[in-house]
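Each chain, written out:
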Amino acid sequence: MSNIKQTLKFFSPLSIMAYSSHEYGGCGADDLPEELSPSEAVYYMDEILAAIEKEKLPGEGDRGLMVYFYDGQELSQKIYSLQPTVEEWNGKLWGVMIAEVYGKLTEAETAKLLDFITGQLSDGWGEGFEQRPIKTNDGDIFVSFWNSEDFFIKPEQELKQGTEQNFNEQTMGGM
């Protein structure tokens, strides 16, 4: 196993529901939530990051969600840590899992990691996170890393290369 630690990022779309507050405070029972677009969600990035930070448990330490990984001792040692966060990219807010890894992951190891991440977002960490309101000046928001209709999780370079290619095809196409 390599001693060189590298950082890998895996991006997924977020689903964010906003419940606006009224002047007297609190939400009305009849209020319908409004889904925020990924570009609107950027405005609440600081509040979301603070909520993610509060969600961390003392027992997780530096390893984050990897303390819950039980699918193979060797892979558990190779992947040092796994931390959820959000990042702005291309004007939109994304759910991101940051993995610190010793050496390179094989395709099979990456697939196992992505399965683990998906499970954490749907049933583990993400299930608890999406149920806790995040207070903002405009009311409460609920952030789901999982409930997007178009859920996917992709390595950073795959997501960004795909977009650059599409962008280049669109801009170069009509010349």
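Residues numbered from 1 in each chain as written. Predicted model: local features only at pLDDT ≥ 70, side-chain atom pairs only at ≥ 80, totals over all residues. Heavy atoms only, no water.

Of note, Thr85 is situated in strand β4 (residues 79-89). Classification of Thr85 as buried rests on a relative accessible area of 14%. Not counting residues up to four positions away in its chain, the partners in contact with Thr85 are Leu49, Ile52, Trp94, Gly95, Val96, Ile98 and Phe145. (Helix = DSSP H or I, 4+ residues; strand = E, 2+ residues; numbered from the N terminus. Buried < 20%, exposed > 50% of the residue type's maximum accessible area, 1.4 Å probe, protein only. Contact = heavy atoms within 4.5 Å.)

Going through the model one piece at a time under the given rule, you end up with 11 aromatic pairs. Where Phe11 meets Trp94, the ring centres are 6.2 Å apart and the plane angle is 70°; that geometry is what we call edge-to-face. Within this pair, whereas Phe11 is found in strand β1 (residues 5-13), its partner Trp94 is found in strand β5 (residues 92-102), the two being separated by 83 residues in sequence. For the pair Phe11 and Trp94, one class covers both residues: buried. When the ring of Phe69 is compared with that of Phe116, the centres are 5.1 Å apart and the planes differ by 85°; the resulting orientation is edge-to-face. Within this pair, whereas Phe69 is found in the loop between α2 (45-55) and α3 (73-78), its partner Phe116 is found in helix α4 (residues 107-122), the two being separated by 47 residues in sequence. In this structure Phe69 comes out as buried when scored by relative accessible area, which is 5%. An aromatic cluster is built from Phe11, Trp89, Trp94 and Phe152, whose rings are joined through pairwise contacts. The ring of Tyr80 has Lys5 sitting right over it, with the charged end atom 4.2 Å from the ring centre. (Phe/Tyr/Trp six-rings, centres within 6.5 Å; stacked < 30°, edge-to-face > 60°. Lys NZ or Arg CZ within 6 Å of the ring centre and 35° of its normal.)

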